[in-house]
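Notes for the structure review
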Amino acid sequence: MKRVLIIGAGGHAQVVADILLRMHEAGADLTPIGFLDDNPHLFGEWRLGLPILGPLAAIDAVDHDAVVIGIGDNRTRQAIYERLAACGERFVVARHPSAIVAHDAVIGAGTVIAARAIVNAGAHVGVNVILNSGCIVEHHNRIGAHAHIAPGATLGGAVTVGEGALVGIGATVLPQCAVGAWSVVGGGAVVTAAVDDDLVVSGIPARPHMKTPTLIPSQRRARVGV
Ligand SMILES: CC(C)(COP(=O)(O)OP(=O)(O)OC[C@H]1O[C@@H](n2cnc3c(N)ncnc32)[C@H](O)[C@@H]1OP(=O)(O)O)[C@@H](O)C(=O)NCCC(=O)NCCS
């Protein structure tokens, strides 16, 4: 039975813990043994019946067979993945029993597939990706390493999502569109054309996301009509 350490102990890590517990209940040959987190206030606490054992630096002191990273921020997750991979750590795929994954889909090491996610035929999902609750990754998608497809997001057929990109909650990417590396698609957006690398887009159709300039109070009053 593989003993799996979860890296991080925050909200997403607890979702990952629940997935591993449910995999164990469903007969998978693994069991979660606890969390590592660099927040000292958490040491000695428990989440979902599992202990927070100490900081990441203590990893060699904890007997384990594999790890999975439970950190939502893509850059941080990438950095930790690369550090642990360089140390020879093994990564498990955490796949909720209710997720539906096509027989020929390829799922990279350390990827988390949450409840009710769907991954359809011919999809390739890179390492250390999050396919969050109820997202749909349609046939022949290519999802780059360290990307995050947020809850309820829908990717049409043959979509490409670059390394480290975030497709936000409930967003839609129309078939064959590409989302560039490290880009962010805002929650609820509809992507109808290619999104460049390192871009933030939002809205329907998705356009580069503009921060509203800071308004002085009189402008703000004028804007809201008081
Ligand atoms: C698009 C996004 C990246 C913008 O973040 P931001 O630059 O910090 O934006 P702000 O929160 O400062 O908002 C700026 C303006 O954009 C609007 N806005 C924010 N997100 C928006 C979205 N997804 N769609 C449309 N408008 C949005 C805000 O209402 C605000 O408008 P205002 O200035 O008229 O009041 C972010 O809001 C978002 O959608 N992130 C995805 C989060 C997600 O799904 N995470 C997964 C977690 S599981």
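Since this is a predicted model, take the numbers as computed values, not measurements.

What counts as what
Residues numbered from 1 in each chain as written. Predicted model: local features only at pLDDT ≥ 70, side-chain atom pairs only at ≥ 80, totals over all residues. Pairing = 2+ DSSP bridges. Helix = DSSP H or I, 4+ residues; strand = E, 2+ residues; numbered from the N terminus. Buried ≥ 20, exposed ≤ 12 C-beta atoms within 10 Å, placed from the backbone. Contact = placed C-beta atoms within 7 Å. Core = buried A, V, L, I, M, F, W, Y, C linked by C-beta atoms within 7 Å. Domains from an automatic or database assignment. Right-handed = clockwise from strand over helix to strand, strands pointing away. Expected span 1.5 Å × (residues − 1).

Moving on: the pairing of strand β4 (residues 50-54). Relative to β4, strand β2 (residues 30-36) runs parallel, the two being bridged by two bridges. Its bridge partner lying in β4, Leu36 is registered against Gly54. In sequence, strand β3 (residues 46-47) turns back onto β4 through a hairpin of two residues, with Leu48 there showing a positive phi of about 50°.

Another point: the sheet that holds strand β7 (residues 100-101). Strand order in the open sheet made by the six strands is β7-β10-β13-β16-β19-β22, with parallel pairing throughout. The open sheet has two edge strands, β7 and β22 (190-191), and neither has a second partner. With two bridges joining them, strand β19 (residues 172-173) and β22 adopt parallel strand pairing. Within β22, the residue paired with Val173 across the bridge is Val191.

With that settled, consider the environment of Thr192. Locating Thr192 in the fold gives a position in the loop between β22 and β23 (200-202). By the C-beta count within 10 Å, which is 14 here, Thr192 ends up partly exposed. Separated by 13 residues in sequence, Thr192 and Pro205 have C-alpha atoms that sit 6.2 Å apart. With near-sequence residues (within four places) excluded, Thr192 lies in contact with Leu174, Cys177, Pro205 and Ala206.

Before going further, it helps to examine the sheet that holds strand β6 (residues 94-95). In space, the eight strands of this open sheet follow the order β6-β9-β12-β15-β18-β21-β23-β24, with mixed pairing throughout. The open sheet has two edge strands with one neighbour each: β6 and β24 (207-208). Where β23 meets β24, two bridges bridge the pair, whose relative direction is antiparallel. Counted as the bridge partner of Ser202 is Arg207 from β24.

With that out of the way, let us pick up the nonpolar core. Core analysis: the largest hydrophobic core is formed by 67 residues, its most contacted members being Val16, Val68, Leu131, Ile149, Val167, Val179 and Val185. By residue number, the principal contributor to this core is helix α1 (residues 11-25), which donates seven residues. Per-domain counts for this core show at least three residues from each of domain 1 (2-92) and domain 2 (94-226). Excluding residues within four positions of it along the chain, Val16 makes contact with Ile6, Val68, Gly70, Ala94 and Val112.

Looking at the assigned domains, one finds that the chain contains domain 1 (2-92) and domain 2 (94-226). For the side of domain 1 that touches domain 2, the secondary structure elements donating two or more residues are α1, β5 (66-69) and α2 (74-86). For the side of domain 1 that touches domain 2, the leading source of residues is α1, giving six residues.

Pairing geometry for strand β1 (residues 2-7) and β2, over six bridges, is parallel. Bridge pairing links Lys2 to Leu30 in β2. For the crossover that starts at β1, traverses α1 and ends in the parallel β2, the hand is right-handed.

Under the 1.5 Å per step criterion, the end-to-end length of α2 is 18 Å for 13 residues, consistent within 8% with the ideal 18 Å. Residues Asn74, Arg77, Gln78, Ile80, Tyr81 and Leu84 constitute the buried set of α2. Looking one or two places after α2, you find Gly88, whose phi comes out positive at around 85°.

This part is about unusual backbone geometry. Omega for the bond connecting Ile204 with Pro205 falls within 30 degrees of zero, at -10°, which places this linkage in the cis form. Position of Pro205 among the secondary structure elements: in the loop between β23 and β24. Of note, His146 is a non-glycine position whose phi angle comes to about 65°, a positive value. Looking at where His146 falls in the secondary structure, it is placed in the loop between β14 (142-143) and β15 (148-149). Exposure remark for His146: the 30 C-beta atoms within 10 Å place this residue in the buried category.

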